[in-house]
Amino acid sequence: MSTVHLSQITKQFGKVTAVKNLDLVINEGEFFTFLGPSGCGKTTTLRMIAGFYYPTEGVVKFNEKDMTTVPPEKRNTGMVFQNYALFPHMTVYENVAFGLKVRKISKKETKQRVESVLEKVRLKEYINRQVSQLSGGQQQRVALARALVIEPDILLLDEPLSNLDARLRDEMRAELLRLQREFGITTVYVTHDQVEALTMSDRIAVFNFGECQQVGTPTEIYNKPVNDFVAQFIGETNLLPIIYEKTIDSQRVYRYKETSIYVNESSHNIAKYQETDELYISVRPEAVIISENKIEGNNVFEGVIDLVQFTGESLHLLVKIDDNTTIRVTELNQGIESYKKEGTKVYVQLPENRVRVVPKMKE
Ligand SMILES: Nc1ncnc2c1ncn2[C@@H]1O[C@H](COP(=O)(O)OP(=O)(O)OP(=O)(O)O)[C@@H](O)[C@H]1O
């Protein structure tokens, strides 16, 4: 097992800067996810850890050892690619044994290790099956077994579930996590799927435009986004542009159009922005309070329900509070027959302790 230290990593491809000034520490045994939209530098960073690319600037260390320009075969990392990169006409056994053969491991030990890892990924009965005769999910497990059998210090996974259908993806998520915990192996996972990142990771690094925007646990990233990009990319949110208005008894008050917005001190995110930044408040739909009766207190808007969507477990509402602003509200299904109708006049409140002030992302 290893820790991974990335210090001031930059990667240029000609004029394109794929990754810029990246500093990251991935802890031993951690399930660490790189999350971000297409082209933001996730795969490039993963490949620099694997050694397929060397950084243009900066240092890659495993534990305290400088690995910046060590070739991939000398890093003891196991990698699973999006397309699995299996040999389709070889058997499951031959595919999984391949890395051990290259490492000149004896036949006896190879057999033991392949059988043991296939048992762990629950594929033992397919050991002699040709890979081309397996389902997508089974092929995925072979790819995983092949990466794990060499007993890597670090497991690198590049969107390994994206070729699977939704149900299988769910299943494999749980399976992957089970294996990761069982092996206790430092794992770096690349995805653009926020649900995958939130459900599986110990920590997440959110990327955009080649830069890491935020590193944190899933709850930190969701509850305390550092800028408008992170707030919007992970989960749904309401973003309203605000300006600073005044400070009353050390409580800062902002303004959205004609309405004063009160924010709890802990939600200020103050270290992360300056007064000159373009600012927003971010409020999650499930944090918004909605009522047909007038709500007393701060941060209350009057509005009309524009759209109601019932999903079974919850109710999603769009409430129009002025000509060009709607507030998303999510309420859990309480099991009642009648629920709020489109066109109903309502009040919505953005609770002071659930409002987060975020600056616009710097480009
Ligand atoms: N070998 C390469 N040569 C030139 N440009 C590259 C190369 N690899 C990546 N890039 C560019 O670097 C940027 C980051 O690419 P990267 O593949 O790391 O993004 P990503 O976040 O993994 O995206 P995706 O989710 O689509 O795989 C993109 O603009 C991409 O076009």
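Treat the numbers as computed from the prediction; the structure is a model and nothing was measured.

How each quantity is defined
Residues numbered from 1 in each chain as written. Predicted model: local features only at pLDDT ≥ 70, side-chain atom pairs only at ≥ 80, totals over all residues. Helix = DSSP H or I, 4+ residues; strand = E, 2+ residues; numbered from the N terminus. Contact = placed C-beta atoms within 7 Å. Pairing = 2+ DSSP bridges. Axes fitted to C-alpha atoms, helices over the stretch in contact; angles between N-to-C directions. Core = buried A, V, L, I, M, F, W, Y, C linked by C-beta atoms within 7 Å. Buried ≥ 20, exposed ≤ 12 C-beta atoms within 10 Å, placed from the backbone. Domains from an automatic or database assignment. Near = placed C-beta within 6 Å. Nonpolar A, V, L, I, M, F, W, Y, C, P; charged D, E, K, R; others polar. UniProt positions renumbered as here; feature names shortened; annotations may be inferred. pLDDT = per-residue confidence, 0-100. Parallel < 35°, antiparallel > 145°, perpendicular 65-115°, else oblique. Left-handed = near helix turned anticlockwise from the far one by under 90°. Expected span 1.5 Å × (residues − 1). Arc of directions from axis to C-beta. Right-handed = clockwise from strand over helix to strand, strands pointing away.

Asker: Help me get a handle on the overall build of the protein chain, residues and values and all.
Answerer: When helices and strands are counted, the protein chain shows eight helices and 20 strands. Taken along its principal axes, the extent of the C-alpha atoms in the protein chain is 75 × 50 × 35 Å. Sequence separation of at least 24 residues holds for 67% of the intrachain contacts in the protein chain that already meet a minimum separation of 6.

Asker: Go over the sheet that holds strand β18 (residues 325–332) with me, naming the residues and quoting the values.
Answerer: Ordered in space as β15-β19-β16-β17-β18, the five strands form an open sheet in which the pairing is antiparallel. Looking at strand neighbours, the two that pair on one side only are β15 (289–291) and β18, the edges of this open sheet. Across this sheet, the average inter-strand angle for adjacent strands is 40°, counted without regard to direction. Here eight bridges tie strand β17 (residues 314–322) to β18, and the two strands are oriented antiparallel to one another. Each bridged residue has a counterpart across the sheet, and for Leu315 the counterpart in β18 is Glu331.

Asker: Describe the nonpolar core, with residues and values.
Answerer: Core analysis: the biggest nonpolar cluster contains 87 residues, and Val96, Ala145, Val188, Ile281, Val319 and Val348 have the highest contact counts within it. The biggest single contributor to this core is helix α4 (residues 136–149), with seven residues. Two domains each put at least three residues into this core: domain 1 (4–223) and domain 2 (228–359). Other than its neighbours up to four places away in sequence, Ile281 contacts Leu240, Ile242, Tyr254, Ile261, Val355, Arg356 and Val357.

Asker: An account of helix α2 (residues 92–102) is needed here, citing residue identities and associated values.
Answerer: The set of residues buried in α2 consists of Val92, Asn95, Val96, Ala97, Gly99 and Leu100. If you follow the buried residues of α2, they end up packed against α3 (107–120) and α4. A positive phi of about 55° marks Lys104, the residue just after α2.

Asker: Requested: an account of the site of the ligand, with residues and values cited.
Answerer: In the vicinity of the ligand, the contacting residues are Phe13, Val16, Ala18, Gly36, Ser38, Gly39, Cys40, Gly41, Lys42, Thr43, Thr44 and His192. For the shell around the ligand, the secondary-structure elements that each account for two or more residues are β2 (16–26) and α1 (42–50). For the shell around the ligand, the per-class residue count stands at four nonpolar, seven polar and one charged.

Asker: I'd like a description of the UniProt feature "domain: ABC transporter" (unreviewed entry) in the protein chain, backed by residues and values.
Answerer: Feature annotation in UniProt places "domain: ABC transporter" (unreviewed entry) on residues 4–234, given in this structure's numbering. For residues 4–234, the end-to-end C-alpha separation is 25 Å, with 37% helix and 26% strand making up the annotated structure.

Asker: Could you give me a rundown of the confidence of the model for the protein chain, with the residues and numbers involved?
Answerer: Looking at the protein chain, the pLDDT average stands at 91 and 96% of residues meet or exceed 70. Interface scoring of the predicted complex returns ipTM 0.95; its pTM is 0.90.

Asker: Explain the sheet that holds strand β10 (residues 211–216) residue by residue, including any values.
Answerer: The mixed open sheet is built from six strands, whose spatial order is β6-β7-β8-β3-β9-β10. One side of each edge strand has no neighbouring strand; the edge strands of this open sheet are β6 (77–80) and β10. Between one strand axis and the next, the sheet turns by 15° as a mean value, whatever way the strands run. The pairing of strand β9 (residues 203–208) with β10 spans five bridges and is antiparallel. Bridging across to β10, Phe207 finds its partner in Cys212. α1 rests against β3 (31–35), β6, β7 (154–158), β8 (186–191) and β9 of the sheet, and its axis sits at about 150° to β7.

Asker: Which residues make up the packing of α4 against helix α5 (residues 166–183), and what values do they have?
Answerer: Pairs of packed helices are described in terms of their axes, by the angle between the two and the distance that separates them. One way to put it is that α4 packs onto α5 with a least axis distance of 11 Å and a crossing angle of 20°. Taken as axis vectors, α4 and α5 run roughly parallel relative to one another. In this structure, α4 crosses over α5, and the sense of that crossing is right-handed. Residues Gly136, Gly137, Gln140, Leu144 and Leu148 of α4 pack against Leu168, Glu171, Met172, Leu179 and Phe183 of α5. Taken together, the residues of the contact of α4 with α5 sort by class into six nonpolar, three polar and one charged.

Asker: Give a description of α3 that names residues and reports values.
Answerer: Its 14 residues place the ends of α3 20 Å apart at the C-alpha level, agreeing with the 20 Å of an ideal helix rising 1.5 Å per residue. Three or more residues of α3 are buried, namely Thr110, Arg113, Val114, Val117 and Leu118. Considered in projection along α3, the buried side chains sweep an arc of 130° and stay on one side of the axis. Residues Lys108, Glu109 and Gln112 are exposed on α3 and point more than 90 degrees away from its buried face.

Asker: Could you give an account of the domain arrangement of the protein chain, with specific residues and numbers?
Answerer: What the domain assignment reports for the protein chain is domain 1 (4–223) and domain 2 (228–359). Of note, the centres of domain 1 and domain 2, computed from C-alpha atoms alone, are 38 Å apart. Each partner contributes to the interface: domain 1 provides seven residues, whereas domain 2 provides five residues. Among the elements of the structure, β9, β10 and α7 (218–223) are those that each provide at least two residues to the side of domain 1 that touches domain 2. Of the residues that constitute the side of domain 1 that touches domain 2, the class distribution is three nonpolar, four polar and no charged.

Asker: Could you give an account of the pairing of β8, naming the residues involved and the relevant values?
Answerer: Most of β8 sits out of view: six of its six residues are buried. Neither face of β8 is open: one carries Thr186, Val188 and Val190, the other Thr187, Tyr189 and Thr191, and all of them are buried. Here β3 pairs with β8 via five bridges, running parallel. Each bridged residue has a counterpart across the sheet, and for Phe34 the counterpart in β8 is Val190. Both β7 and β8 contribute to a ladder of five bridges, which runs parallel. Paired with Leu157 across the bridge in β8 is Tyr189. Between β7 and its parallel partner β8, the chain crosses via α5, and the hand of that crossover is right-handed.

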